[in-house]
Amino acid sequence: MLMNKNRSALLVIDVQERLVTAMDSPREVINNCTKLVAVARRMGVPFLITEQYPKGLGQTIVDVRRAAGEKTEYFEKLEFSVLHNEKIAEALKNTGRRQIIICGVETHICVLQTAMELAEQGYEVFVVSNACSSRENLQHAFALQRMNRNGVDIVSSEMVVFEWLEKAGTDEFKEISRKYII
């Protein structure tokens, strides 16, 4: 199944100041999450951004906040799976989208628990491997393998962008490829 901008929602999990900087390859995660949020915003794909205990772990990293825009709501949580937080689960449901593209941290905790529960509920779930991370690369790798064995598609940020775009030659393609790909 290809990702489609009209059926997708982007879920950005816990890309926060004191959390993401402790991850393996933090700059790659920050850059790819920022790109996904910016492209989603440009293409009209709904996105939700969660923050795990922001009093202790800080706000969402500034790059992502800039890409999201000033009117973005940030969903505070303590739960590992976002579906265990009623406000976030309701907001996700209210998007009306059945394809959920997930990026963020940590791959083996919040990303994994959320992705597997969404898949169990019948969503088409895509985890963006180069926009996720854990403190240890081995945890990241094991989580991706486990999710893949349980019906979650593992994709890259470019797969998401090009599948949302569907074709070259449009003004949208030219703008997005110039700003975020090339």
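This text follows the structure it describes.
Residues numbered from 1 in each chain as written. Predicted model: local features only at pLDDT ≥ 70, side-chain atom pairs only at ≥ 80, totals over all residues. Heavy atoms only, no water.

## Comments concerning the packing of helix α2 (residues 26-43) against helix α9 (residues 171-181)
Relative placement of two packed helices is described by the angle separating their axes and the distance separating the axes.
Turning to step 1, where the next piece is worked out: Running from amino to carboxyl end, α2 crosses α9 at an angle of 165°, the nearest separation of the two axes being 11 Å. Between α2 and α9, the interaxial angle falls into the category roughly antiparallel. Of the two elements, α2 crosses α9, and the hand of that crossing is right-handed. Contacts between α2 and α9 involve K35, A38, V39, R42 and M43 on the former and, on the latter, E172, E175, I176, Y180 and I181.
Turning to step 2, where the next piece is worked out: Here the contact of α2 with α9 is built from residues that sort into six nonpolar, no polar and four charged. (Axes fitted to C-alpha atoms, helices over the stretch in contact; angles between N-to-C directions. Helix = DSSP H or I, 4+ residues; strand = E, 2+ residues; numbered from the N terminus. Parallel < 35°, antiparallel > 145°, perpendicular 65-115°, else oblique. Left-handed = near helix turned anticlockwise from the far one by under 90°. Contact = heavy atoms within 4.5 Å. Nonpolar A, V, L, I, M, F, W, Y, C, P; charged D, E, K, R; others polar.)

## A look at the pattern of salt bridges
Turning to step 1, where the next piece is worked out: By the definition in use, this model includes nine salt bridges.
Turning to step 2, where the next piece is worked out: Note that E51 and R65 form a salt bridge whose closest N and O atoms lie 3.5 Å from each other. Of this pair, E51 sits in strand β2 (residues 47-52) while R65 sits in helix α4 (residues 62-68), and the two are 14 residues apart along the sequence.
Turning to step 3, where the next piece is worked out: The buried category is assigned to E51, whose relative accessible area is 7%.
Turning to step 4, where the next piece is worked out: Across the salt bridge formed by K87 and E73, the nearest N and O atoms sit 3.1 Å from each other. One end of the pair, K87, is in helix α5 (residues 86-94); the other, E73, is in the loop between α4 and β3 (74-77), and 14 residues separate them in sequence.
Turning to step 5, where the next piece is worked out: Look at K87 and you get exposed, because its relative accessible area is 53%.
Turning to step 6, where the next piece is worked out: The partly exposed category is assigned to E73, whose relative accessible area is 41%.
Turning to step 7, where the next piece is worked out: One connected set of salt bridges, linked through shared partners, spans K5, R42, E172, E175 and K179. (Salt bridge = Lys/Arg side-chain N within 4 Å of Asp/Glu carboxyl O. Buried < 20%, exposed > 50% of the residue type's maximum accessible area, 1.4 Å probe, protein only.)

## Observations regarding the packing of helix α6 (residues 107-120) against helix α7 (residues 137-149)
Turning to step 1, where the next piece is worked out: It is the contact of α6 with α7, at a shortest axis distance of 9 Å, that shows an interaxial angle of 10°. With respect to α7, the axis of α6 lies roughly parallel. Of the residues in α7, those in contact with T107, H108, V111, L112, A115 and M116 of α6 are Q139, H140, A143, L144, R146 and M147.
Turning to step 2, where the next piece is worked out: Residues that form the contact of α6 with α7 fall into these classes: seven nonpolar, four polar and one charged.

## Re the sheet that holds strand β1 (residues 8-13)
Turning to step 1, where the next piece is worked out: Taken together, six strands build an open sheet; the order of strands is β3-β2-β1-β4-β5-β6 and the sheet is parallel. Strands with a single pairing partner mark the edges of an open sheet, and in this sheet they are β3 and β6 (153-155). Averaged over all adjacent pairs, the angle separating strand axes in this sheet is 25°, with direction ignored.
Turning to step 2, where the next piece is worked out: Here α7 sits on the sheet in contact with β5 (124-133) and β6, set at roughly 170° to β5. (Pairing = 2+ DSSP bridges.)

## Let's talk about the pairing of β1
Turning to step 1, where the next piece is worked out: Taking burial as the measure, the six residues of β1 include six buried ones, the bulk of the element.
Turning to step 2, where the next piece is worked out: Burial of β1 is two-sided: the residues S8, L10 and V12 facing one way and the residues A9, L11 and I13 facing the other way are all buried.
Turning to step 3, where the next piece is worked out: As defined by bridge partners, β1 adjoins strand β4 (residues 99-105) across six bridges and the pair is classed as parallel. Residue pairing for β4: A9 is matched across the bridge by I100.
Turning to step 4, where the next piece is worked out: By the bridge criterion, four bridges tie β1 to β2 in an arrangement that is parallel. Residue pairing across strands places V12 opposite I49, the latter belonging to β2.

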